[in-house]
Amino acid sequence: MISEKHILHEKYRAERSAELALACDITANSITVVCYDLALERRYSRSVVFGAELTAQTTAKELGKLVVTSLRKFSIKPAAVKKMGIAAPVHIETALEQVLDTVAVGLSEECELLFIPYISAGISGRFTAFLLTLPAETDWTAADFGKSLCMAHKTNGELHCAAFPLLGSFDGTALESGMPAENGAIDLVRQEPDGTRAYEVVGDCESIGVSPCGALMSAAEMKRAGILDEDGIMLDRDLYYIGEDFFVSQSDVRAIQADKAFTAAAFELLPRTDVQMFFSGEPFSSAGGFRALMELGAIPERFVGAAFCRGAVEQGVIAFLEDESVRERAFEFTCSAKDFSHEDLLKYDKDYLNNLNF
């Protein structure tokens with residue numbers, strides 16, 4: 001993971017009302033704050049900080065800095081922010097609930113502070129937020145790729161969830177030059193017919209790291225080119241360069257290999273149904289990431305028609321802030337969900353070993 005901290009701001013609109021909400025998505029290595037206009041029902045701006053590991057002790061300070069910086073950047077008065085919603089890993093959310101108040105992050109005392117409820121110790125409010133974006137009336141299956149793989153299937157009104165820890169190739173924390181798919185991330189990698197290695201950078205700017213999508217596409221290309229053998233060994237080098245400054249290393253490949261085996265094993269625990277599949281997470285910043293996951297064997301071929309979105313968590317937090325019925329749905333999820341993470345660990349371990357080879 002890149003170790004230099006970066007802060008990015010993006011403004012979507014020229015006009016806004018005086019009734020705003022802040023939707024915050026916190027991961028292991030990034031904090032995103034989306035300013036949403038409640039009156040006009042549209043996004044106004046987005047700010048993100050990434051490049052440093054976030055802990056329960058440091059997140060409150062980093063979140064406060066980002067909110068204050070964002071308000072100043074876009075000339076937003078604290079009184080205009082009526083609500084603030086937070087989706088975060090469980091250990092960070094529980095710490096924030098103890099120490100965070102709106103004044104501490106530069107907002108007014110009247111601002112309502114809301115946390116997306118988590119389902120279990122391993123299934124955070126981030127996954128709850130993702131589930132809030134899915135159809136309320138139909139059955140579905142869903143999975144979020146991050147520091148862990150969180151899965152759920154909704155059948156006949158019952159919600160079953162599970163979480164399986166990963167090494168961090170899918171959120172970038174286990175990659176030597178890993179970063180979220182923000183401006184500056186190498187996100188698309190491909191081999192041209194003449195043998196030239198081409199890549200694209202998010203925001204069409206100078207590259208500062210490699211996104212999980214870019215790393216997965218590189219691994220898939222290495223496999224096609226015969227650079228990577230079935231045991232995950234890079235045959236003629238230890239670094240797969242993307243341009244002059246960035247690369248995918250042998251250790252990156254090992255993390256991808258382990259995480260794809262963990263993920264493939266977890267999907268074998270899901271019931272085989274014909275319902276729609278939904279994916280979220282950093283690997284899905286482009287269709288190339290989805291195709292690479294299938295090619296590497298992380299996603300079963302039966303999910304070829306799945307829908308996917310990188311920013312589903314942000315949208316789930318916005319929905320949670322906007323609508324009381326969505327908040328009720330979130331708490332229904334947390335109260336009724338059944339966790340199947342530990343139901344068949346012997347099968348999971350066996351399938352993991354069977355899926356290690358590329």
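Here is a short report on the structure shown in this document. (Residues numbered from 1 in each chain as written. Predicted model: local features only at pLDDT ≥ 70, side-chain atom pairs only at ≥ 80, totals over all residues. Heavy atoms only, no water.)

## A closer look at the sheet that holds strand β7 (residues 140-145)
- Taking strand neighbours across the sheet as the criterion, the six strands line up as β16-β15-β7-β8-β9-β17 in an open arrangement whose pairing is mixed. This sheet does not close on itself; its edge strands, each paired only once, are β16 (307-309) and β17 (338-339).
- As paired strands, strand β9 (residues 158-165) and β17 are joined by two bridges and run parallel to one another. Among the inter-strand pairings, Cys 161 is bridged to a residue of β17, identified as Asp 339.
- Sheet strands in contact with helix α5 (residues 250-267) are β7, β8 (148-155), β9 and β15 (276-281), and its direction is about 15° off that of β8. (Pairing = 2+ DSSP bridges. Helix = DSSP H or I, 4+ residues; strand = E, 2+ residues; numbered from the N terminus. Contact = heavy atoms within 4.5 Å. Axes fitted to C-alpha atoms, helices over the stretch in contact; angles between N-to-C directions.)

## Here's the deal with the pairing of β7
- The buried fraction of β7 is high, at six of six residues.
- A two-sided burial pattern is seen for β7, the buried positions comprising Trp 140, Ala 142 and Asp 144 on one face and Thr 141, Ala 143 and Phe 145 on the other.
- Of the strand pairs in this sheet, β7 and β15 are connected by six bridges, and their pairing is parallel. The residue bridging Asp 144 from the neighbouring strand is Ser 280, located in β15.
- Pairing geometry for β7 and β8, over six bridges, is antiparallel. Bridge pairing in β8 places Asp 144 opposite Cys 150. (Buried < 20%, exposed > 50% of the residue type's maximum accessible area, 1.4 Å probe, protein only.)

## Considering the side chain of Ser 249
- Relative to the elements of secondary structure, Ser 249 occurs in strand β14 (residues 246-249).
- A polar atom in the side chain of Ser 249 sits 2.7 Å from the side chain of Glu 176.
- Among residues more than four places away in sequence, those in contact with Ser 249 are Glu 176, Met 234, Asp 238 and Leu 239. (Polar contact = N/O pair within 3.5 Å; in protein donor to acceptor, adjacent residues only side chain to side chain.)

## Focus: the sheet that holds strand β12 (residues 209-210)
- Strands sit in the order β11-β10-β12 across an open sheet of three strands; the sheet is mixed. Pairing within the sheet leaves two strands with one partner each, and these edge strands are β11 (197-201) and β12.
- The sheet contact formed by strand β10 (residues 185-191) and β11 spans five bridges and is antiparallel. For Gln 191, the partnering residue across the bridge sits in β11 and is Arg 197.

## Considerations on the layout of surface pockets
- Approximately 700 Å³ is the volume attributed to the largest pocket.
- What lines the largest pocket is a set of 37 residues, and nearest its centre among them are Thr 27, Ala 28, Pro 89, Arg 126 and Lys 147.
- Its residues assigned to classes, the lining of the largest pocket shows 14 nonpolar, twelve polar and eleven charged. (1 Å grid on protein atoms, 1.4 Å probe; cavity = no way out; pocket = protein on both sides within 12 Å on 5 of 7 lines; lining within 4 Å. Points joined across faces, edges and corners; volume = space filled by probe spheres on them. Nonpolar A, V, L, I, M, F, W, Y, C, P; charged D, E, K, R; others polar.)

## Quick word on the state of the cysteines
- Under the criterion given, the structure shown has zero disulfides.
- Considering cysteine sulfurs only, Cys 111 is the nearest to Cys 24, which forms no disulfide, with 9.4 Å between them.
- For the unlinked cysteine Cys 35, the closest cysteine sulfur is that of Cys 24, found at 10 Å.
- Look at Cys 35 and you get buried, because its relative accessible area is 1%. (Disulfide = S-S within 2.5 Å.)

## Focus on the pairing of β14
- Side chains Phe 246 and Val 248 project from β14 onto one buried face, and the interleaved Phe 247 and Ser 249 project onto a second face that is buried too.
- Two successive antiparallel strands, strand β13 (residues 239-242) and β14, enclose a turn made up of three residues, where Gly 243 displays a positive phi of approximately 75°.

## Some thoughts on unusual backbone geometry
- Positioned with a positive phi, Glu 41 is a non-glycine residue whose angle comes to about 55°.
- A residue is classified by how much of its surface remains accessible, and Glu 41, at 57% relative accessible area, is exposed.
- Located in the positive-phi region is Asp 204, a residue other than glycine, with phi close to 50°.
- Secondary-structure assignment places Asp 204 in the loop between β11 and β12.
- Given the relative accessible area of 75%, Asp 204 is considered exposed.

## Observations concerning a negative patch on the surface
- On the surface, a cluster of negative charge is made up of Glu 41, Glu 322, Asp 323, Glu 328 and Glu 332.
- Take Glu 41: it is sitting in the loop between β3 (30-37) and β4 (42-50). (Patch = residues over 30% accessible without salt bridge, like charges linked within 9 Å, V, L, I, M, F, W, Y side chains within 5 Å. Areas by Shrake-Rupley, 256 points an atom, 1.4 Å probe, with all protein chains shown as cover. Salt bridge = Lys/Arg side-chain N within 4 Å of Asp/Glu carboxyl O. Lys, Arg positive; Asp, Glu negative; His and termini not counted. Charge placed at Lys NZ, Arg CZ, Asp CG, Glu CD.)

## With respect to helix α2 (residues 90-99)
- Within α2 the residues assigned to the buried category are Val 90, Ile 92, Glu 93, Ala 95 and Leu 96.
- Where α2 is buried, its residues contact β2 (20-26), α1 (59-73), β5 (81-87), β6 (112-115) and α3 (125-131).

## A closer look at the packing of α5 against helix α9 (residues 345-354)
- As a packed pair, α5 and α9 sit with axes 8 Å apart at the nearest point and diverge in direction by 135°. Classed by the angle they form, the pair α5 and α9 counts as oblique. In terms of crossing hand, the pair formed by α5 and α9 is right-handed. Within the contact between the two elements, α5 uses Ala 258, Ala 261, Phe 262, Ala 265 and Ala 266 and α9 uses Tyr 348, Asp 351 and Tyr 352.
- Here the contact of α5 with α9 is composed, by residue class, of seven nonpolar, no polar and one charged. (Parallel < 35°, antiparallel > 145°, perpendicular 65-115°, else oblique. Left-handed = near helix turned anticlockwise from the far one by under 90°.)

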